[in-house]
2 protein chains.
Amino acid sequence: MLAKELKAKLQDIVGAENVEDDNASLLAYSYDATARFQAMPDAMVAPRNKTEVAAIVKLCNDHRIPIIARGSGTNLCAGTTPASGGIVLTFKHMNRILEIDEENLTMTVEPGVFTKDIFDTAQEIGLFYPPDPGSMHISQIGGNISENSGGLRGLKYGVTRDYVLGLEVVLPNGEIIRTGGKLAKDVAGYDLTRLFVGSEGTLGVITEAILKLIPQPETKKTMLALYHNLDAAAETVSAIIANRIIPATLEFLDQATVKVVEDFAKIGLPTEAKAVLLIEQDGAPEVVERDAEKIVKLCKENHAFDVQIAKTDEQAEQLMTARRSALSALSRLKPTTILEDATVPRSQIPKMVKAITEIAEKYQVTICTFGHAGDGNLHPTCLTDARNTEEIALVEKAFAEIFEKAVALGGTITGEHGVGMMKLPYLHLKAGEAGIAAMQNIKKALDPNGIMNPGKMLAIAEKEKAGDLQ
Amino acid sequence: MLAKELKAKLQDIVGAENVEDDNASLLAYSYDATARFQAMPDAMVAPRNKTEVAAIVKLCNDHRIPIIARGSGTNLCAGTTPASGGIVLTFKHMNRILEIDEENLTMTVEPGVFTKDIFDTAQEIGLFYPPDPGSMHISQIGGNISENSGGLRGLKYGVTRDYVLGLEVVLPNGEIIRTGGKLAKDVAGYDLTRLFVGSEGTLGVITEAILKLIPQPETKKTMLALYHNLDAAAETVSAIIANRIIPATLEFLDQATVKVVEDFAKIGLPTEAKAVLLIEQDGAPEVVERDAEKIVKLCKENHAFDVQIAKTDEQAEQLMTARRSALSALSRLKPTTILEDATVPRSQIPKMVKAITEIAEKYQVTICTFGHAGDGNLHPTCLTDARNTEEIALVEKAFAEIFEKAVALGGTITGEHGVGMMKLPYLHLKAGEAGIAAMQNIKKALDPNGIMNPGKMLAIAEKEKAGDLQ
């Protein structure tokens, strides 16, 4: 609980109506979209501008109070659970699109803007903001930047990082800095912009961002290819890339996922297929037409037993929406859904999917797999029950093996979800002890008192390390 | 000079033939492509692999000896002059392309590979490595990464940073870390890859890099638009972007530059034009055709008095080569050429070019301007004589004002050249004192003994700050 004096100071800064510390209110900020992590904050504070953010940060730094900047809490790495209590910052007052600059193709936003509103606002003027994390309808851009969110368009268009040109950040010492700008080129000092992107709120509080927009693709085409086995689907992915085609979306779903999604969305998905590829290409009409023809041909050559092309925009949208609903659909089946994002080089997908299947069998746990085949970012998803401690222990062992396998195949423990508390025990697999030490030194250099989102990403793991679980 | 004992240890590590410390040899490493900066190193050491690099770094860290990793020294920011002596590391033995991975579209290289060889090797198999700094024929990829080099294709394709997927780095403590991988998505910890890109050798020694390749554009078209005044050229740039066309190259040359380049290249450039745009679009044939038509129309609507389309590949290549020769051509005119890279948001180019002209007149110095109009990255180039101390003082004042103006217009002091020693006095204009402090803390965290390229980027400026020169 917050000391009275501190609460009064916070109220002075942001107004009494913007500080909440009753249990009922705080409960809403005690968890995020990640299963099995919960901790109560001491207060929720909603600043109205960067000056207030700076004043809050200074106060917290002086009193060593943790600060957890939080968007909609849609992250899947326990990135915004208040592990050590402290103050949750929300951005309901800092939610404006400040500027759309059509000459420089930028949009300047506050952290509380919903990702979908950025996409829609750009679209209205023929521009395109490509990053599309699954939660984009409700996620906020501040959270997307902090987690470097990915999405379905990563292969062709990259991730959030690739669309952040500049930031305004309140550092842990309360100083406000601006990085980057409306600039395609800027090498004045270290690339702080990209250091803050994906830093999970551990280095400062983002108060403004300049986003890059690009011209909207003129048209698109959506296809569904059905396979009797996974290897054929994977070989199709390789064949498409080998033919120098980079689709906008290249998604993979296994049979279990397709069945669940169809049961949820009821749009006639082919539940008889062992593996499905959902492919979308966008761009100039001639190019899309030609690429689509080539893609269909490559699917068939690689033993797709059926290839369907969406006939209308509605049908295409239905397919994409169905894919986006995979997590929601899967969560209905069991009390606890653990969605992971082990990622490998594209060429290693068949090996990785095979390994996931074998590991699930070994530990007798249910794992469905879908994900972004084009960029190697898979989502093995475990359906389980957090109350069943015996099963959960097996699930943990299974995931530890999955992460080890991903790294052994040249991949990573997390492609787009982040480390948070969820992946803490596994970071050493990817970054190595020397890499973690370097990151910890950077953290200490910028946040010597450790007030920024403590217990996340680089905290000393409280659990045993993954390697010791075997 | 190197102590005997140290020299013997270095010889033990890399072999006697790979340590040089005679004056004649060292002279070659005492300067880079930047005018007016020179300092002698104590030795040149050429390691043969990462283990040797790590051993050298450990030795130097123990003895507090500066290390300057150096490619071909083509940088324009005095980034590789051995300001405090020490050891220059060269990569003549670490110059192999280690792997081309056509499935994952990556190339893995050692730091000593020439940029042009990367481009050519990719091209041979239908792939494309877009970053093309002016010096790419002789520059090495290690240097490109350390400087985050740009080039003519920045607008559409980005810069070196956008094509570095992973690195192997020897940290100042001698530990070897690997960052990133053959992965489009990776959020396992801080983005060390992008922190090292553009860090000018101040945080570690890069020993390997995984580069991203993309499919080669099928075709391209090159155009030249001639104007009676600069504003019309600038308005054309805005009009092209406003029409949602992103050309691969969109270069601007003023009359002075065109005249000098024509005198050098003799290919019939229009020396009567006050301003010239060199525009190239690439991609699928239909798209290039359509874009080119639109671009020609927009040039004419914005008062180009002539628009020429290159009829053959040779003619197109001639135009691009002429543009690339601008620096060489200008350097013939006066003993000293100072090529700067003040960068502004694209929409501010007219204001910036006007300011450059006025500032040059104010101080009575000769400044030609050309550059990457599409991405706002201008190259005001001063033709002067370093021996004329009176004129040089005026040149410095002029450039200080140019940098201030660029920042005031939302731009930066350096778009693609880096800070090095050249821009040290101006970094505070862009990064601010709090930003510089944050960078210095990161530097100290990773390199507490300050052995990595000391005196560069974040060193305390020995000169007066730009603001005090007025």
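The model shown is predicted, which means the values in this text are computed figures rather than measured ones.

### Side note on the overall build of chain A
No. 1: Counting secondary structure elements, chain A contains 15 helices and 18 strands.
No. 2: Rg of the C-alpha trace for chain A: 22 Å, near the compact-globule value of 23 Å for 470 residues, within the 12% margin.
No. 3: The C-alpha extent of chain A, read off along each of the three principal axes, is 70 × 60 × 40 Å.
No. 4: Burial statistics for chain A: of 470 residues in total, 62% are counted as buried.

### Here's the deal with the sheet that holds strand E3 (residues 67–69) of chain A
Residue and element names in this part refer to chain A.
No. 1: Strand order in the open sheet formed by 4 strands is E1-E2-E4-E3, with mixed pairing between adjacent strands. Single-partner strands in this sheet number two, and they are strand E1 (19–20) and E3.
No. 2: Pairing geometry for E3 and strand E4 (residues 87–89), over 3 bridges, is parallel. If you follow Ile-68 over to E4, its bridge partner there is Val-88.

### Here's the deal with the UniProt feature "domain: FAD-binding PCMH-type" (unreviewed entry) in chain A
No. 1: Within the UniProt annotation, "domain: FAD-binding PCMH-type" (unreviewed entry) is assigned to residues 37–216 of chain A.
No. 2: Helix and strand shares over residues 37–216 of chain A are 22% and 23% respectively, and the end C-alpha atoms of the span are 39 Å apart.

### Describing the pairing of strand E18 (residues 377–384) of chain B
Remember that side chains alternate between the two faces of the sheet whenever the strand is regular.
All names here are of chain B.
No. 1: Counting buried positions along E18 gives 8 out of 8 residues, so the element sits mostly inside the fold.
No. 2: Of the two faces of E18, the one lined by Asn-377, His-379, Thr-381 and Leu-383 and the one lined by Leu-378, Pro-380, Cys-382 and Thr-384 are each fully buried.
No. 3: Where strand E17 (residues 366–372) meets E18, 7 bridges bridge the pair, whose relative direction is antiparallel. Considered in E18, the bridge of His-372 is made with Asn-377.
No. 4: Linkage of E17 to E18, two consecutive antiparallel strands, is achieved through a turn of 4 residues, within which Gly-376 is found at a positive phi near 75°.

### Structural notes on helix H3 (residues 50–63) of chain A
Residues and elements named next belong to chain A.
No. 1: For H3, which comprises 14 residues, the first-to-last C-alpha distance of 20 Å matches the rise-based estimate of 20 Å (1.5 Å per residue) to within 8%.
No. 2: Where H3 is concerned, the buried positions are Glu-52, Val-53, Ala-54, Ile-56, Val-57, Leu-59, Cys-60 and Asn-61.
No. 3: N-capping of H3 is provided by Asn-49, with a side-chain oxygen placed 3.1 Å from the backbone N of Thr-51.
No. 4: Arg-64 sits one or two positions beyond H3 and adopts a positive phi of about 55°.

### Looking at the relation of the copies chain A and chain B
No. 1: The two copies are related by a screw operation: chain A maps onto chain B through 180° of rotation and 0.0 Å of translation along the axis, at an RMSD of 0.0 Å. Such a combination of turn and shift is consistent with a two-fold rotation axis.

### So, the interface of chain A and chain B
No. 1: In this complex, chain A contributes 79 residues to the contact, which on the side of chain B involves 79 residues.
No. 2: When chain A packs against chain B, close to 6,200 Å² is buried across both sides, 59% of that on carbon and sulfur atoms.
No. 3: Area buried by chain A at its contact with chain B is led by A:Lys185, A:Tyr190 and A:Arg244, which between them contribute 16% of it.
No. 4: Our count for the contact surface shared by chain A and chain B stands at 14 salt bridges.

### Side note on unusual backbone geometry
No. 1: A positive phi angle, close to 70°, is found at A:His303, a residue other than glycine.
No. 2: One can find A:His303 in the loop between helix H10 (285–301) and strand E15 (304–309).
No. 3: Under the relative-accessibility criterion, A:His303 is labelled exposed at 56%.
No. 4: A positive phi angle is found at B:Arg244, which is not glycine, with a value near 65°.
No. 5: Mapped onto the elements of the fold, B:Arg244 is located in the loop between helix H8 (230–242) and strand E13 (249–254).
No. 6: Residue B:Arg244 is classed as partly exposed on the basis of its relative accessible area of 22%.

### Examining the packing of H10(A) against helix H10 (residues 285–301) of chain B
Working note: a packed helix pair is described by the angle between its axes plus the distance between those axes.
No. 1: Axis separation between H10(A) and H10(B) bottoms out at 8 Å; the angle between their running directions is 180°. Accordingly, the angle class assigned to the pair H10(A) and H10(B) is roughly antiparallel. Counted together, A:Pro285, A:Glu286, A:Val287 and A:Arg290 of H10(A) and B:Pro285, B:Glu286, B:Val287 and B:Arg290 of H10(B) form the full contact between these two elements.

### Notes on the domain arrangement of chain A
Residues and elements named next belong to chain A.
No. 1: Partitioning chain A into domains gives domain 1 (4–89), domain 2 (97–215), domain 3 (219–322) and domain 4 (334–427).
No. 2: Once you take the C-alpha centre of each, domain 2 and domain 3 turn out to be 30 Å apart.
No. 3: Area buried by domain 2 at its contact with domain 3 is led by Leu-152, Leu-155 and Lys-156, which between them contribute 82% of it.
No. 4: Salt-bridge contacts for Asp-282 lead to Lys-156; the nearest nitrogen and oxygen are separated by 2.7 Å.
No. 5: In this assembly, domain 2 and domain 3 are joined by 4 residue pairs in polar contact (both at pLDDT 80 or more).
No. 6: Element by element, the count of residues in the side of domain 2 that touches domain 3 is highest for helix H6 (residues 154–157), at 3 residues.
No. 7: The residue inventory of the side of domain 2 that touches domain 3, partitioned by class, reads 4 nonpolar, no polar and 2 charged.

Cut-offs and rules
- Residues numbered from 1 in each chain as written.
- Chains lettered and ligands numbered in written order.
- Predicted model: local features only at pLDDT ≥ 70, side-chain atom pairs only at ≥ 80, totals over all residues.
- Heavy atoms only, no water.
- Helix = DSSP H or I, 4+ residues; strand = E, 2+ residues; numbered from the N terminus.
- Rg over C-alpha atoms; globule rule 2.2 N^0.38 Å.
- Buried < 20%, exposed > 50% of the residue type's maximum accessible area, 1.4 Å probe, protein only.
- Pairing = 2+ DSSP bridges.
- UniProt positions renumbered as here; feature names shortened; annotations may be inferred.
- Expected span 1.5 Å × (residues − 1).
- Polar contact = N/O pair within 3.5 Å; in protein donor to acceptor, adjacent residues only side chain to side chain.
- Least-squares fit on C-alpha atoms with pLDDT ≥ 70 in both.
- Contact = heavy atoms within 4.5 Å.
- Buried area = accessible area lost by both parts, 1.4 Å probe.
- Salt bridge = Lys/Arg side-chain N within 4 Å of Asp/Glu carboxyl O.
- Axes fitted to C-alpha atoms, helices over the stretch in contact; angles between N-to-C directions.
- Parallel < 35°, antiparallel > 145°, perpendicular 65-115°, else oblique.
- Domains from an automatic or database assignment.
- Nonpolar A, V, L, I, M, F, W, Y, C, P; charged D, E, K, R; others polar.

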